[in-house]
Protein chains: 2
Amino acid sequence: MLNLQTLKTPCLILDSERVRHNAERVSQIALNNNVRLRPHIKTHKCVEVARIATAKHTGAVTTSTLAEVWAFSKRGFSNFTYAVPIEPGKFAEAIEIVRSGIKLYLITDDVEIPATLNDPARAAGVILNVFLKVDCGYHRCGVEPNTKEALEIPKQIADASNLNFAGILTHAGHSYHAHSKEEIAEIARKERDVMVELAEKLRGLGIEVPVVSIGSTPTIHHIDHLKGVTEVRPGNYIFFDAFQATLGSCSFEDCALTVLAAVTHRDRERRKIIVDAGAIALSKDRGPVEFDSTCGYGRVLDLAGNDLWLRVESLSQEHGSFYVPDNKTFDKLIVGTRVRILANHSCLAAAQHTHFNVLENEKIVDKWEIHRGW
Amino acid sequence: MLNLQTLKTPCLILDSERVRHNAERVSQIALNNNVRLRPHIKTHKCVEVARIATAKHTGAVTTSTLAEVWAFSKRGFSNFTYAVPIEPGKFAEAIEIVRSGIKLYLITDDVEIPATLNDPARAAGVILNVFLKVDCGYHRCGVEPNTKEALEIPKQIADASNLNFAGILTHAGHSYHAHSKEEIAEIARKERDVMVELAEKLRGLGIEVPVVSIGSTPTIHHIDHLKGVTEVRPGNYIFFDAFQATLGSCSFEDCALTVLAAVTHRDRERRKIIVDAGAIALSKDRGPVEFDSTCGYGRVLDLAGNDLWLRVESLSQEHGSFYVPDNKTFDKLIVGTRVRILANHSCLAAAQHTHFNVLENEKIVDKWEIHRGW
């Protein structure tokens, strides 16, 4: 029987009870606000997790790669938003997906794309659903709502022979840098208001806006109402991580994903422990350094999930290193001892591995595949 | 025909001519110094690359995971050093490898390990080869050479019924933090001298020391002589990367690995470009910030490999972002334009992907598998 003492390290441990709890909470937020939940699967890339997340919903999901679309469509999912702006190198594959009968929504924020995308869609005889990607303050991608492009691109899409204007979509990623719950709430309100106003403006110009889609894990947990919004797309909430807990989106007890690691070296003089979870097993995300300069690369927990108040301080490829101030803890951490590491960023840590080991009642009850790649 | 314009992005591009050139240089250093070359395969995890690296040598390699041992042993390699300290959770697998007829060297720096490793080895009826891991100044793993453990552990290994003392092994990883070639040369000399002296001391105690193994990419390129050393284990040199070039281990023209990416968004107002190579495609290694605070997460090159003097400044999961000061370059970077990104850390970037696309004379001539996981 596999358990935390017998699994090969390093590997991922998924607490399925916490996943169900996290899924239920966001599901309720969506239901209570009367919006469609289209969870982002990039955090887990895992069919079994997506089934939990979409249990009371339509089964529609958001993806970060076209590889996720293929993998999930072979396993019962059929409705996807590919939430990275589409570029010409991916037109052919997007068309192939649609031709195979899968419902796929694309996004763009570029004035050149509607015309160049329409040509191959027409040649292939397919209609492509395209969202306008809107910048609600994150400034990563998206058009700003008060520019002429914000009106022009929807019109171009709506007018193109083989494109269908799906609506408007945004992601308030800047909520990850907010310094208080109030600030997150403010960003959440702005995310909603910017989108609802733009939708109204477009409707005023005679453009139909079927979907108003927003979503981030911090904002969904701090929004007062979602009137005018039709869809939310949070993703990280299903696992959370040290970053989200530091940010206040969840408690540390909500975090569902850890990396199981074994002690491979101890240095009594320097009071330093090395484990076999390094930069590949954890990812090298620096985490919430803005909020906690001592966060390091993750928190070290015991096998029951209790915080040992140790932080992974440095990482090389297969070595994670941390300092242990007190003797009692140091003495316990002999070579071979196992710990669980709560990574700063669960999405990146998960993407390093082939599968989740599913933990229920201290036993490993299943192994769920992670669909990596592009 | 696949080429840099038709490959799906993001993906890895391997310049095989540069790989051969890098391999030849280090091969010559080993041959000229009359030491065995046991290159570290952790950088590439790729059989075809390892064949190039070991062409004029015994075929012995160094690995960072037992998964690499299995994958390579199925493809013609038979002599491995697993260069992470062995811990009890991996005893059974190590024994299974040896029982299957593969030559495997393990390393330890812990006084408890020889006795606890000997028991299962005896039970399985195998002899395990074990190195003493020595700390020559890096302070990651290894025993310090002047401690009693440095003499005691070899004796324990030599005396154990089912262990064979393989010799002493070190890695001067602190050379990656040196601030000049002179400093690297000094670390290289110390790496060698510490090991040669310890070997002599052990021999003086009647312990046979068959192998004295050192190795890091910076030190191997800056050593004056290797008398007393029998084996070198550099790894990163086969590709190099932005970190090594900044450090002076190589020129930027030696770097053999890049990530092909496509522009997915442009923001004229902020003069910002987003590409589809994010934290997963590149890894989130901060790189040589000690030496170049503006290094960001990698250098942006054109398709011919020329530096555009743009640096990837921020990364989210599938988005890489950089600022473009001049108009002419910005105007060229329309959505769909392809660039190559020279990552800070080639080992971590490579480990994110399933294969290398092999570039020769501007054509993609092959696809070489990367053996990931643990």
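Anything mentioned here points back to the structure above.
Let us look at the structure shown here. Computed from a predicted model, the values in this text were never measured in an experiment. (Residues numbered from 1 in each chain as written. Chains lettered and ligands numbered in written order. Predicted model: local features only at pLDDT ≥ 70, side-chain atom pairs only at ≥ 80, totals over all residues. Heavy atoms only, no water.)

1. Details of the interface of chain A and chain B
Interface size, as often reported, equals the accessible area lost upon joining of the parts.
So, point 1. Taken together, the contact between chain A and chain B spans 55 residues of the former and 55 residues of the latter.
So, point 2. Both sides together, the interface formed by chain A and chain B hides about 4700 Å², and carbon and sulfur atoms give 53% of it.
So, point 3. When residues of chain A are sorted by the area they lose upon contact with chain B, Arg 140, Gln 317 and Trp 374 of chain A head the list and together hold 17% of the total.
So, point 4. One salt bridge in this structure joins Arg 270 of chain A and Glu 144 of chain B, with 3.1 Å as the shortest N-O distance.
So, point 5. On inspection of chain A and its partner chain B, the count reaches 29 residue pairs in polar contact (both at pLDDT 80 or more).
So, point 6. Mapped by element, the contributors of at least two residues to the side of chain A that touches chain B are β10 (257-267), β11 (272-275), α10 (279-282) and α12 (346-350) of chain A.
So, point 7. Sorting elements by how many residues they give to the side of chain A that touches chain B places β10 of chain A first, with five residues. (Contact = heavy atoms within 4.5 Å. Buried area = accessible area lost by both parts, 1.4 Å probe. Salt bridge = Lys/Arg side-chain N within 4 Å of Asp/Glu carboxyl O. Polar contact = N/O pair within 3.5 Å; in protein donor to acceptor, adjacent residues only side chain to side chain. Helix = DSSP H or I, 4+ residues; strand = E, 2+ residues; numbered from the N terminus.)

2. Description of the packing of aromatic side chains
Residues and elements named next belong to chain A.
So, point 1. Taken as a whole and judged by the stated rule, the model has ten aromatic pairs over all chains.
So, point 2. Ring geometry for Tyr 176 versus Phe 243: centroids 6.0 Å apart, planes at 50 degrees, classification tilted. Highlighted residues: Tyr 176 in the loop between β7 (163-170) and α7 (181-204) and Phe 243 in helix α9 (residues 242-247), separated in sequence by 67 residues.
So, point 3. Take Tyr 176: its relative accessible area is 21%, and that puts it in the partly exposed class.
So, point 4. Note on Phe 243: relative accessible area 12%, which makes it buried.
So, point 5. A ring pair is formed by Phe 243 and Phe 291, whose centres lie 6.4 Å apart and whose planes are at 85 degrees; its orientation type is edge-to-face. Residue Phe 243 is found in helix α9, and its partner Phe 291 is found in the loop between α10 and β12 (298-301); the two are separated by 48 residues along the sequence.
So, point 6. Ring pairing ties together the aromatic residues Tyr 176, Phe 243 and Phe 291, which thus form one cluster.
So, point 7. Over the ring of Phe 330 we find Arg 271, and its NZ or CZ is 5.2 Å from the ring centre. (Phe/Tyr/Trp six-rings, centres within 6.5 Å; stacked < 30°, edge-to-face > 60°. Buried < 20%, exposed > 50% of the residue type's maximum accessible area, 1.4 Å probe, protein only. Lys NZ or Arg CZ within 6 Å of the ring centre and 35° of its normal.)

3. Comments concerning helix α5 (residues 113-124) of chain B
Residues and elements named next belong to chain B.
So, point 1. With twelve residues, α5 extends 17 Å between its outermost C-alpha atoms, agreeing within 8% with the 16 Å of an ideal straight helix rising 1.5 Å per residue.
So, point 2. By the burial criterion, the buried members of α5 are Ile 113, Pro 114, Leu 117, Asn 118 and Ala 121. Angular distribution of buried residues about the axis of α5 spans 115 degrees; they occupy a single face of the element. Opposite the buried face of α5, at more than 90 degrees from it, the exposed residues are Ala 115 and Ala 123.
So, point 3. Looking at the buried residues of α5, the elements they touch are α4 (91-99), β5 (103-108), β6 (128-134), α6 (149-159) and β7 (163-170).
So, point 4. Looking one or two residues past α5, Gly 125 carries a phi angle of roughly 70 degrees, positive in sign. (Expected span 1.5 Å × (residues − 1). Arc of directions from axis to C-beta.)

In short, the description is geometric, and any link to function would need to be established separately.
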